[in-house]
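A structural walkthrough
Now for the letters of each chain:
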Protein chains: 2
Amino acid sequence: MKCKRCKAPAVVALPSHNTGFCPDCFDLFFTRQVERGIHSEKLFTHEDRILIALSGGKDSLACALVLKRLGYNVTGLHIDLSIPNSSQAARGTVESFCSENGIPLIVKEMAQEGLAIPDVKKRLNRPICSACGKIKRYYFNKTALDENFTVLATGHNLDDEIARLFSNVLRWDVGYLSDQGPLLEADSGFARKVKPLFRLSEYETANWSYLQGIPYHYAPCPYSQGASFTSYKKLWADLEEEMPGRKLAFYLGFLERGKAPFVRQEAVTGDTLAPCTSCGYPTSAEVCGVCRIRDAVAQQD
Amino acid sequence: MKCKRCKAPAVVALPSHNTGFCPDCFDLFFTRQVERGIHSEKLFTHEDRILIALSGGKDSLACALVLKRLGYNVTGLHIDLSIPNSSQAARGTVESFCSENGIPLIVKEMAQEGLAIPDVKKRLNRPICSACGKIKRYYFNKTALDENFTVLATGHNLDDEIARLFSNVLRWDVGYLSDQGPLLEADSGFARKVKPLFRLSEYETANWSYLQGIPYHYAPCPYSQGASFTSYKKLWADLEEEMPGRKLAFYLGFLERGKAPFVRQEAVTGDTLAPCTSCGYPTSAEVCGVCRIRDAVAQQD
C-alpha cells in the first residue's frame with residue numbers, strides 16, 4: 001500500500017477513512033484530526049491555560065504532545081496514587097516526558113492528601129476502581145480550579161468515548177447521556193472539561209505514539225482487572241470491521257442529533273448539587289465522596 | 001432441568017428469566033407476558049376491534065392466537081403480494097389458520113390494486129424490499145381505517161424491536177426513535193398501532209408456536225436476501241448470552257427513560273404531513289409513495 005498523500009510506502013492503514021499513510025503524512029493526518037475536533041466543538045483557543053491529566057499511558061502523553069506542538073499553553077497534572085511499584089514507574093515516565101518536551105508538570109501525591117490508594121483499599125469492601133476514579137477526577141477538577149486553569153483536558157480517545165456512550169445507551173442513563181461529549185462546559189464548582197483526541201481511535205493514537213517515539217508507561221494496575229468496557233470495545237471492533245467509519249459516525253451522530261434531547265430532558269429532571277460542607281467542592285450529598293473516603297482512611301490510623 | 005412452576009420436566013429453558021418451564025407452564029408464562037405487555041403499555045382493551053396483520057409467519061400467527069384465546073376481538077388481514085409460488089402458500093397457511101381458529105380474515109390482493117409485486121419490481125432500479133414494505137404498511141393502515149378497526153396489531157417480537165431500536169440508535173435517527181415502541185397512538189390519517197409480543201423473544205415465540213402446533217409458512221421471500229438487521233440480531237444474541245435479560249432491559253429502559261427526550265425533540269423539529277392529493281392518506285410529499293408506485297406500474301402496461 002502507498003501513502004494516499006505522497007505515494008511513499010504506507011505504514012498505517014486507516015480503513016475507517018478508506019486510506020493509508022506514511023509516517024510523516026500520518027502525523028499530519030493525526031494532527032489535523034485533533035485540530036478539527038478542537039475547532040468544530042470549540043474546545044479551547046490559544047488564549048486558554050490548559051491543564052492536562054497525565055497518567056503516563058500513551059493516550060494522555062500523545063494528547064499533551066500534540067497540543068504542545070500545536071502551540072497551546074499546556075501544563076501536565078499527574079496524580080501519584082502511591083501504589084507500590086506501579087505508581088513510581090508511572091510518575092517517572094510522566095516526569096521525564098514533561099521535562100524532555102518542555103511541559104510544566106504539577107504532581108499531586110495522594111499519600112500527602114491522606115488518600116494513598118493502598119490505605120483506601122483497606123477500608124473498602126467493594127473493588128477499589130470506582131473510588132480511585134472518583135479521587136482522581138476530584139483532584140483533576142480541584143487542581144484546575146485552585147490553580148486558575150481555564151480548561152481541564154484528558155486523553156480519552158474515540159474508543160473510550162464509544163464504549164462509554166454505548167454503556168450509557170444500554171442503560172438509557174439520561175444523566176450521563178446529557179453530559180457525554182468532548183466538551184463539558186464549566187459550571188459552578190466544575191472546570192471546563194475537554195477530550196481533544198475524541199476523533200482518533202485507540203489504534204490511531206497507539207500508532208502515532210509509537211511513531212513519535214513516546215516512551216509510555218504500560219503496566220496494568222495491580223488492583224484492577226484492566227480496562228473497563230472491554231467487551232463493548234470488542235463488539236465495536238466487529239461493527240467497525242463490518243462497516244469502516246461507523247464508530248466515528250455513531251459518535252458524531254450522537255453529538256449532532258442524539259445528545260440535545262437528553263440535555264433538554266436533564267434540564268427538567270436533573271439532580272441539584274451544592275458545595276460539600278467539608279471541602280467546598282460540589283456534591284449531591286452533604287459531604288462529598290472523597291471527603292468521606294478521606295475520613296474513613298483517617299479513622300483507621 | 002425441572003419446570004420452575006410445577007417440577008415436571010422442563011422443555012423450554014429461559015436464561016433471560018433465570019428459569020425453565022414444561023409445555024403447560026410455558027404457555028402460561030407466554031400468555032402472561034403478553035397480558036403484562038398489553039396492560040403496562042395500555043395497548044388496547046376488550047372493547048377494541050383489533051385488526052392483525054398476518055403474513056403467515058410464526059410471529060403474526062402466534063400473536064393472533066394468543067389474543068384470540070385471551071378473548072380479544074381480533075380480525076386477520078393478509079396482503080396477497082402476488083409473488084409466484086410464495087404468495088399462494090403464505091395465503092393458504094393464513095386462510096386455514098384463521099378458519100381453524102375462528103378468526104375472521106380480510107385478504108387484500110395487490111394484483112387487484114395494480115400493485116402486484118412482480119410488476120412493481122420491474123419498474124424499480126433499487127431492491128424491492130423497501131417498496132414492498134411501504135405497500136404493506138399502507139394497506140395495513142388503510143384497511144384498519146376504512147373498516148373502522150380501532151387498533152392495528154403486528155407480530156413484531158422483542159428481537160425485531162431490539163434490532164430496529166439498535167439500528168435507529170446507531171444512526172441517531174430522532175424521528176424514528178420518537179416513534180418506536182409497542183404503541184403508536186392514532187394520529188390524523190393513521191390507525192393506532194400496537195405490537196403485543198414486544199416482551200417476548202424470537203426464541204420464546206418460536207417455541208410457543210411449535211408447542212401450540214401452529215403450522216406456519218416459512219420460506220424466504222424469493223426477492224429478498226432474508227430478514228433485515230441480521231448482523232444486529234447476532235450481536236444482540238452475544239450481548240444477551242453475556243448477560244441474560246439484557247435485551248428486555250434495554251428495550252424497557254428505552255420505553256421508561258430513553259424515548260421521552262426524543263418525543264419532545266421531535267415535537268419541536270418533526271416533519272409535517274398532509275393528505276395525499278391522490279388517495280387522501282397522509283404523506284410528506286404531494287402524492288404519497290404508494291400512489292406514485294401504482295402510477296409507475298400503470299404506465300408500463
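In this text the structure is predicted, and so the values were computed from the model without any measurement. All residue numbers refer to positions counted from 1 along the written sequence of the respective chain. Starting at A for chains and at 1 for ligands, labels are handed out in the order in which the entities are written. Under the rules for a predicted model, residues below a pLDDT of 70 receive no local features and side-chain atom pairs below 80 are neither given nor counted, while totals for whole chains, interfaces and linings still include all residues. Each side-chain value is worked out from all heavy atoms of the structure, with water and hydrogens disregarded.

**Section: the nonpolar core**
Just so we agree on the cut-off: Definition used in this section: a nonpolar core is a set of buried Ala, Val, Leu, Ile, Met, Phe, Trp, Tyr and Cys residues joined via side-chain atoms within 4.5 Å. Any residue under 20% of the maximum accessible area for its type is buried, any over 50% is exposed, and the rest in between are partly exposed; the area is computed with a 1.4 Å probe on protein chains only. Residue contacts follow a heavy-atom distance rule, with two residues in contact if any of their heavy atoms lie within 4.5 Å.
Ranked by internal contacts, the top residues of the largest apolar core, which has 119 residues, are Val34, Phe44 and Trp172 of chain A together with Val34, Phe44 and Trp172 of chain B. If we skip the residues at most four places from it in the chain, Val34 of chain B touches Val66, Leu67, Leu70, Pro196, Leu197 and Leu200 of chain B.

**Observations regarding the UniProt feature "binding site: Zn(2+) 2" (unreviewed entry) in chain A**
All names here are of chain A. Cut-off, in case you're wondering: UniProt positions are given in the numbering used here, feature names are shortened, and annotations may be inferred rather than shown by experiment. Strands are runs of DSSP state E lasting at least two residues, helices are runs of H or I lasting at least four, and both sets are numbered from the N terminus onward.
Sites flagged by UniProt as "binding site: Zn(2+) 2" (unreviewed entry) map to Cys276, Cys279, Cys288 and Cys291. In terms of the greatest pairwise C-alpha distance, the residues named above, spread along 16 residues, form a tight cluster of at most 8.4 Å across. Take Cys288: it is sitting in the loop between β10 (282-283) and α11 (289-300). Of the residues examined, Cys288 reaches a relative accessible area of 5% and is grouped as buried. Leaving out residues up to four positions away in the same chain, Cys288 has contacts with Tyr138, Cys276, Cys279 and Thr283. For Cys291, the location among the structural elements is in helix α11. Leave out the neighbours within four places in its chain, and Cys291 touches Cys276, Ser278 and Cys279.

**Considerations on the packing of helix α2 (residues 58-69) of chain A against helix α8 (residues 202-211) of chain A**
All names here are of chain A. Where we set the bar: Axis angles are defined between N-to-C directions and span 0 to 180 degrees, where every axis is a line fitted to C-alpha atoms and, for a helix, only to the segment in contact. Note on terminology: angles under 35 degrees are roughly parallel, angles over 145 are roughly antiparallel, angles of 65 to 115 are roughly perpendicular, and the others are oblique. Two helices crossing with the near one rotated counterclockwise from the far one by less than a right angle form a left-handed crossing, whereas a clockwise rotation gives a right-handed crossing. Gly is put with the polar residues, along with every residue not named as nonpolar or charged; the nonpolar set is Ala, Val, Leu, Ile, Met, Phe, Trp, Tyr, Cys and Pro, and the charged set is Asp, Glu, Lys and Arg.
It is at 10 Å that the axes of α2 and α8 come closest, and there the two elements cross at 65°. Considered as vectors, α2 and α8 are oriented roughly perpendicular to each other. Where α2 crosses over α8, the handedness of that crossing is left-handed. The residues of α8 that touch α2, namely those facing Lys58, Asp59, Ala62, Leu65, Val66 and Arg69, are Glu202, Thr205, Ala206, Trp208 and Ser209. Looking at the contact of α2 with α8 residue by residue, the class counts come to 5 nonpolar, 2 polar and 4 charged.

**A closer look at the packing of aromatic side chains**
The following threshold applies: Pairing of aromatic rings covers Phe, Tyr and Trp, the last counted by its six-membered ring, and requires centre-to-centre distances within 6.5 Å; plane angles under 30 degrees mean stacked, over 60 mean edge-to-face, and any other angle means tilted. The rule for a charge over a ring is simple: NZ of Lys or CZ of Arg within 6 Å of the ring centre, and within 35 degrees of the ring normal.
Here the structure, examined in full by the defined rule, presents 30 aromatic pairs over all chains. On the basis of an interplanar angle of 80° and a centroid distance of 5.9 Å, the ring pair of Phe166 of chain B and Trp236 of chain B is categorised as edge-to-face. Taken together, the residues span a long stretch of sequence, with Phe166 of chain B in helix α6 (residues 158-170) and Trp236 of chain B in helix α9 (residues 230-242) at a distance of 70 residues. Taken individually, Phe166 of chain B and Trp236 of chain B each receive the classification buried, so the pair is uniform in this respect. The ring of Tyr223 of chain A carries Lys121 of chain A above its face, with NZ or CZ at 5.2 Å from the centroid.

**Re helix α9 (residues 230-242) of chain A**
This is how the line gets drawn: To estimate the expected span of a helix, subtract one from its residue number and multiply by 1.5 Å. By arc we mean the arc of the directions from the helix axis to the C-beta atoms, nothing more.
Here α9 of chain A spans 19 Å end to end across 13 residues, near enough to the 18 Å set by a 1.5 Å rise per residue. Residues of α9 of chain A that are buried include every one of Tyr232, Leu235, Trp236, Leu239 and Glu240 of chain A, and no others. The arc enclosing the buried residues of α9 of chain A, seen along the axis, measures out at 140°, which places them on a common side. Looking at α9 of chain A, the residues exposed on the side facing more than 90 degrees away from the buried face are Thr230, Lys234 and Glu241 of chain A. At its buried positions, α9 of chain A is contacted by α6 (158-170) and α10 (246-269) of chain A together with α6, α9 and α10 (246-269) of chain B.

**Here's the deal with a positive patch on the surface**
Residues and elements named next belong to chain A. The condition is simple: Each patch is built from salt-bridge-free residues with over 30% relative accessible area, joining like charges within 9 Å and nonpolar side chains (Val, Leu, Ile, Met, Phe, Trp, Tyr) within 5 Å. A 1.4 Å probe and the Shrake-Rupley method give the accessible areas. Residues count as covered only by the protein chains that appear here. The salt bridge definition used is simple: a Lys or Arg side-chain nitrogen within 4 Å of an Asp or Glu carboxyl oxygen. Only four residue types enter the charge count, namely Lys and Arg as positive and Asp and Glu as negative; His and the chain termini do not. Just so you know, the charge point we use is NZ for Lys, CZ for Arg, CG for Asp and CD for Glu.
Taken together, the side chains of Arg126, Lys134, Arg137, Arg164 and Arg292 present a region of like positive charge at the surface. As for its placement among the helices and strands, Lys134 is situated in helix α5 (residues 129-146). Overall, the relative accessible area of 38% leaves Lys134 in the partly exposed class.

**Let's talk about the sheet that holds strand β5 (residues 105-109) of chain A**
Residues and elements named next belong to chain A. Rules: Pairing between strands requires that DSSP locate at least two bridges from one strand to the other.
One open sheet accounts for 6 strands, arranged β5-β4-β3-β6-β8-β7; its pairing is mixed. The outermost strands of the open sheet, each flanked by one partner alone, are β5 and β7 (183-184). Here strand β3 (residues 49-53) pairs with strand β6 (residues 151-153) via 3 bridges, running parallel. For Ile52, the partnering residue across the bridge sits in β6 and is Ala153.

**Re the sheet that holds strand β5 (residues 105-109) of chain B**
All names here are of chain B. The 6 strands lie next to each other as β5-β4-β3-β6-β8-β7, forming an open sheet whose pairing is mixed. Each edge of the open sheet is held by one strand with a lone partner, namely β5 and β7 (183-184). Across 2 bridges, the pairing between β7 and strand β8 (residues 193-194) is antiparallel. If you follow Leu183 over to β8, its bridge partner there is Val194. Contacts from helix α2 (residues 58-69) reach β3 (49-53) and β4 (73-80) within the one sheet, and its direction differs from that of β3 by about 160°. Contacts from helix α3 (residues 86-100) reach β4 and β5 within the one sheet, and its direction differs from that of β5 by about 165°.

**Quick word on the UniProt feature "binding site: Zn(2+) 1" (unreviewed entry) in chain A**
All names here are of chain A. According to UniProt, the feature "binding site: Zn(2+) 1" (unreviewed entry) maps to Cys3, Cys6, Cys22 and Cys25 in the numbering used here. In three dimensions, the annotated residues from a span of 23 residues occupy one location, with a maximal C-alpha spread of 7.9 Å. Relative to the helices and strands, Cys22 resides in the loop between β2 (19-21) and α1 (23-40). Beyond its immediate chain neighbours, meaning those up to four positions away, Cys22 contacts Cys3, Cys6, Ala8, Pro9, Ala10 and Val11. On the basis of relative accessible area, Cys25 is assigned to the buried category, the value being 5%. Not counting the four nearest positions on each side in its chain, Cys25 is found in contact with Cys3, Arg5 and Cys6.

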